[in-house]
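Chain residues, written in single-letter form:
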Amino acid sequence: MKPLPEDAWGAWSPQELASMLGRDTPPWYVVGGWALDLWHGRQTREHEDLEFAVLPDQVGHCRRLLSDLEFFAARDGILTHHPAKAALPSNLWQLWGADMTAGCWRVDMMIERGTPDFWVYKRNPSIRVPRAEAIRKNASGIAYLAPAIVLLFKAKHRREKDVLDFRAALPRLDAGREPT
């Protein structure tokens, strides 16, 4: 199956995703720019995508709940169809979910290699945070990655949207610990 064009995004909002996945089961959480906006309690900018993360053993469950989507492995700038029954390789970090009927991408599912007890930074596995500290929930119960961790990921690329996200978050961050 051929992937959609990479820029064909019609991403769901975190609330739409939560209505399909539920709030707690399977365990999942929003990452990226939307995670920062969930922390802020408001949308601070437009988002072209919606990224969320799950542990490897939850990928199949999420795919069943999102069965209207076709998933494509995203590796090194190349998208390849990843059938639901296919094994999940240990070097696969993300799957894009395509709504083939609407002709757009809806979600970017990140595969997080931590444990049920610890979130682990994929670029440096020695950085580990207790999951209870790394994953927060907003007032409506949508889980999201802690702001300092989101900004750690965003620091690598420093795109315009990443700089905007950092500037919006900076006044609320505390050198010791950001507020929940």
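Definitions and cut-offs
Residues numbered from 1 in each chain as written. Predicted model: local features only at pLDDT ≥ 70, side-chain atom pairs only at ≥ 80, totals over all residues. Heavy atoms only, no water. Helix = DSSP H or I, 4+ residues; strand = E, 2+ residues; numbered from the N terminus. Rg over C-alpha atoms; globule rule 2.2 N^0.38 Å. Buried < 20%, exposed > 50% of the residue type's maximum accessible area, 1.4 Å probe, protein only. Contact = heavy atoms within 4.5 Å. Pairing = 2+ DSSP bridges. Salt bridge = Lys/Arg side-chain N within 4 Å of Asp/Glu carboxyl O. Arc of directions from axis to C-beta. Core = buried A, V, L, I, M, F, W, Y, C linked by side-chain atoms within 4.5 Å. Phe/Tyr/Trp six-rings, centres within 6.5 Å; stacked < 30°, edge-to-face > 60°. Axes fitted to C-alpha atoms, helices over the stretch in contact; angles between N-to-C directions. Parallel < 35°, antiparallel > 145°, perpendicular 65-115°, else oblique. Left-handed = near helix turned anticlockwise from the far one by under 90°.

J.: In this structure, what is going on with the overall build of the chain? I would like to understand it.
T.: Of the regular secondary structure elements, the chain holds 6 helices and 10 strands. Its C-alpha atoms give the chain a radius of gyration of 16 Å, near enough to 16 Å, the size a compact globule of 180 residues would have. Dimensions of the chain, computed from the C-alpha atoms along their principal axes, are close to 50 × 30 × 30 Å. Looking at the chain as a whole, 47% of its 180 residues are labelled buried. Put simply, of all contacts in the chain between residues at least 6 apart along the chain, 58% involve residues at least 24 apart.

J.: Teacher, can you tell me more about the pairing of strand E4 (residues 78-81) here?
T.: The two faces of a sheet get side chains in turn, since along a regular strand they alternate between them. Alignment of strand E3 (residues 70-75) against E4, held across 4 bridges, turns out to be antiparallel. Among the inter-strand pairings, Phe-72 is bridged to a residue of E4, identified as His-81.

J.: I tried to follow the pattern of salt bridges on my own but got confused; where do I start?
T.: Between side chains of opposite charge, a pair can form when the charged atoms approach closely. Within this structure, the stated rule accounts for 8 salt bridges. Here Glu-48 ties to Lys-161 by a salt bridge, and the two come within 2.4 Å at their closest N and O atoms. Placement of the pair is Glu-48 in the loop between helix H2 (32-40) and strand E2 (51-54) and Lys-161 in helix H6 (residues 160-169), with a sequence separation of 113 residues. With a shortest N-O distance of 2.7 Å, Asp-162 and Lys-154 are connected by a salt bridge. Neither Asp-162 nor Lys-154 differs from the other in exposure class; each is buried.

J.: Sorry if this is basic, but what is going on with helix H1 (residues 14-21) here?
T.: At 3.6 residues per turn, the α-helix brings residues three or four places apart onto the same side. Within the span of H1, buried status applies to Pro-14, Leu-17, Ala-18 and Leu-21. Angular distribution of buried residues about the axis of H1 spans 100 degrees; they occupy a single face of the element. Where H1 is buried, its residues contact strand E1 (29-31), H2, E2, helix H3 (59-65) and strand E6 (104-111). Phi for Gly-22, located one or two positions after H1, is positive at around 85 degrees.

J.: Teacher, can you tell me more about the nonpolar core here?
T.: Nonpolar side chains in soluble globular proteins tend to be buried together. Formed by 43 residues in total, the largest nonpolar core has its most connected members in Leu-17, Trp-28, Val-30, Phe-52, Leu-66 and Val-107. Residue contributions to this core peak at 5 residues, all from H2. Residues Leu-4, Ala-8, Phe-72 and Ala-98 belong to the second largest nonpolar core, which totals 8 residues.

J.: Any chance you could explain the packing of aromatic side chains here in plain terms?
T.: A ring pair, where both rings are aromatic, is described by two values, the distance of the centres and the angle of the planes. Here the structure, examined in full by the defined rule, presents 8 aromatic pairs. Ring plane angle 90 degrees and centroid distance 6.0 Å describe the contact between Trp-28 and Phe-52, whose orientation is recorded as edge-to-face. Taken together, the residues span a long stretch of sequence, with Trp-28 in the loop between H1 and E1 and Phe-52 in strand E2 at a distance of 24 residues. For the pair Trp-28 and Phe-52, one class covers both residues: buried.

J.: I would appreciate a short explanation of the environment of Met-1 in the present structure.
T.: If you trace the backbone, Met-1 turns up in the segment before H1. A residue is classified by how much of its surface remains accessible, and Met-1, at 57% relative accessible area, is exposed. Along the sequence, Met-1 and His-81 sit 80 residues apart, while their C-alpha atoms lie 5.9 Å from each other.

J.: How do you make sense of the packing of H2 against helix H5 (residues 147-154) when you look at a structure like this?
T.: Between two packed helices, what matters for the description is the angle formed by their axes and the separation of those axes. Running from N to C, H2 and H5 point in directions that differ by 155 degrees, and their axes come no closer than 9 Å. The angle between H2 and H5 places the two elements in the roughly antiparallel class. The element H2 and its partner H5 pack so that their crossing is left-handed. Contacts between H2 and H5 involve Gly-32, Gly-33, Ala-35, Leu-36 and Trp-39 from the former and Pro-147, Val-150, Leu-151 and Lys-154 from the latter.

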